[in-house]
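These are the residues of each chain, in order.
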Amino acid sequence: MNLKSIKAWLSIIRIGNSIALGIAATVGYIVGGGMNVYEATKTFLTAFFIGGGGNIINDYFDREVDAINKPWRPIPSGLIKPFEAYVAALTFFLIGFVIALSSSYFAGIVALLAIVLVYLYSYNLKRILLAGNISIAFLTALSIVYGSLFSSVNIHVVLAATYAFLFNLGREFLKGIEDVEGDKRFGIKTLATAYGVAVAFKASALVYGILLAVSLLPIAILRYSIVYTLLALIVDAVIIYSILNAKTLRSVDALRSTRVLKIAAFAGLFAFLFHNI
């Protein structure tokens, strides 16, 4: 396997996104009061492999759309064959499921439900108006709740999961602007394709407006620490920048905003992780 092939696999896995999901599950575990390194590692790996499998299967089903929207992606560019991607996705799903099942039957059931949902999203749900966007946001929030199953589901976990849901829902609406041309051609119903990019932008701005308010609740009500406050304000500033940048309604600007938001997601997760410091 040469360097170009390695880069292609890291790209199709969306290594940053997969690590972010693993961190989200770990944050859920720790915020819930968990302290066991072994359990924390298993929650990370479960979310990482299921998330990675989801990213691969999404590229598999999106290969024709990506040939228009993102021809540089691993499958349409020819770096990875569709069958190879499909087998890799199933392998990642299986690894994630086995790790979850090794923790408990209930964890295995939750992991299996996540796998089914992410598969259905890639196969068909994304073509249904709002269903795809909500599914992705829900799965991200679920990773945090999943981690807390091995410690406790408390108010801090609920806030972190709510934050993650809103953050990703707003980003999903912006991605609809980013992918609008290819989505139209292949009948994928998003706010951008069904009602126009202006509506998608307003929906994203509304969701992020709610998120900005939610991000202040832990400071005002739960007296979160200065570390949380600083990280939350940084993320809030990035969100405001991203919305203003996407205001042009151009796909290229929406792409830039979604990439910046992807980085900000890490800071948001760590804000909750370090809320007591």
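Quick look at the structure, then. Please read all numbers here as calculations on a predicted model, not as lab measurements.

So, about the overall build of the protein. Looking only at helices and strands, the protein features 13 helices and zero strands. Start at the N end of the protein and walk to the C end: the helices and strands fall as α-α-α-α-α-α-α-α-α-α-α-α-α. Here the C-alpha atoms of the protein give a radius of gyration of 18 Å, agreeing with the 19 Å that 2.2 N^0.38 yields for 277 residues. Reported as C-alpha extents along the three principal axes, the dimensions of the protein are approximately 50 × 45 × 35 Å. Every one of the 277 residues in the protein was classed for burial, and the buried ones make up 51%. The contacts of the protein with a sequence gap of at least 6 include a subset with a gap of at least 24, amounting to 75%. For the protein, the exposed surface amounts to about 12700 Å²; the carbon and sulfur share of it is 71%.

What follows covers the packing of aromatic side chains. In the structure shown here, the tally under the stated rule is 15 aromatic pairs. Between the aromatic rings of Y224 and Y228, the centroid separation amounts to 4.9 Å while the plane-to-plane angle is 85°, which identifies the pairing as edge-to-face. With relative accessibility at 1%, the residue Y228 sits in the buried group. A ring pair is formed by Y228 and F272, whose centres lie 5.4 Å apart and whose planes are at 70°; its orientation type is edge-to-face. Of this pair, Y228 sits in helix α12 (residues 226–246) while F272 sits in helix α13 (residues 251–273), and the two are 44 residues apart along the sequence. In this structure an aromatic cluster arises from ring pairing among Y163, F167, Y208, Y224, Y228 and F272. Sitting above the plane of the Y60 ring, R63 keeps its charged end 4.4 Å from the centroid.

Moving on: the nonpolar core. Burial of nonpolar side chains together is a common tendency in soluble globular proteins. Judged by nonpolar contacts, the single largest core of 43 residues is most densely connected at I144, F167, Y208, L211, V235, I239 and F272. Elements that contribute at least two residues to this core include exactly α2 (15–31), α7 (131–148), α8 (155–178), α10 (191–195), α11 (197–220), α12 and α13. No other element matches the 12 residues that α8 contributes to this core. Setting aside residues no more than four positions away along its own chain, Y208 makes contact with L166, F167, G170, R171, L174, I239, I243 and L261. Ranked by size, the runner-up nonpolar core spans 28 residues in total, among them I13, I57, A85 and A100.

Before going further, it helps to examine the packing of α8 against α11. As a packed pair, α8 and α11 sit with axes 8 Å apart at the nearest point and diverge in direction by 160°. Viewed along their axes, α8 and α11 adopt a mutual orientation that is roughly antiparallel. With respect to the hand of their crossing, α8 and α11 are arranged in left-handed fashion. Contacts from L159, Y163, L166, F167, L169, G170, R171, F173, L174 and I177 of α8 reach α11 at V197, A200, F201, A203, S204, V207, Y208, I210, L211, V214, S215 and P218. A class-by-class count of the residues in the contact of α8 with α11 yields 18 nonpolar, three polar and one charged.

Residue position: T190 is located in the loop between α9 (180–185) and α10. Setting aside anything within four residues of it in sequence, one finds T190 in contact with L129, G176, D183 and Y195.

On inspection of all chains with the given rule, the structure shows eight salt bridges. R14 is paired through a salt bridge with D59; the nearest N and O atoms lie 2.8 Å apart. Of this pair, R14 sits in the loop between α1 (3–13) and α2 while D59 sits in helix α3 (residues 37–61), and the two are 45 residues apart along the sequence. Using a relative accessible area of 18% as the deciding quantity, one classes R14 as buried. Looking at D59, the relative accessible area reads 2%, which means it is buried. Its salt-bridge partner being K70, residue D179 comes within 3.7 Å of it at the nearest N-O pair. You can see D179 sitting in the loop between α8 and α9 and its partner K70 sitting in the loop between α4 (63–69) and α5 (82–103), a full 109 residues away along the chain.

A few words now on a nonpolar patch on the surface. A grouping of F106, L149, V153, I155, V158, L217, I221 and L222 is seen on the molecular surface, where their side chains present a nonpolar patch of about 700 Å² in accessible area. Judged by its relative accessible area of 45%, I155 falls in the partly exposed class.

Okay, the environment of V197 next. With respect to the secondary-structure elements, V197 resides in helix α11. Using a relative accessible area of 22% as the deciding quantity, one classes V197 as partly exposed. Taking the C-alpha atoms as reference, V197 lies 7.8 Å from G176; in sequence the two are 21 residues apart. The residues touching V197, leaving out its near neighbours within four places in the chain, are I177, V180, A192 and L249.

Rules and cut-offs
- Residues numbered from 1 in each chain as written.
- Predicted model: local features only at pLDDT ≥ 70, side-chain atom pairs only at ≥ 80, totals over all residues.
- Heavy atoms only, no water.
- Helix = DSSP H or I, 4+ residues; strand = E, 2+ residues; numbered from the N terminus.
- Rg over C-alpha atoms; globule rule 2.2 N^0.38 Å.
- Buried < 20%, exposed > 50% of the residue type's maximum accessible area, 1.4 Å probe, protein only.
- Contact = heavy atoms within 4.5 Å.
- Areas by Shrake-Rupley, 256 points an atom, 1.4 Å probe, with all protein chains shown as cover.
- Phe/Tyr/Trp six-rings, centres within 6.5 Å; stacked < 30°, edge-to-face > 60°.
- Lys NZ or Arg CZ within 6 Å of the ring centre and 35° of its normal.
- Core = buried A, V, L, I, M, F, W, Y, C linked by side-chain atoms within 4.5 Å.
- Axes fitted to C-alpha atoms, helices over the stretch in contact; angles between N-to-C directions.
- Parallel < 35°, antiparallel > 145°, perpendicular 65-115°, else oblique.
- Left-handed = near helix turned anticlockwise from the far one by under 90°.
- Nonpolar A, V, L, I, M, F, W, Y, C, P; charged D, E, K, R; others polar.
- Salt bridge = Lys/Arg side-chain N within 4 Å of Asp/Glu carboxyl O.
- Patch = residues over 30% accessible without salt bridge, like charges linked within 9 Å, V, L, I, M, F, W, Y side chains within 5 Å.

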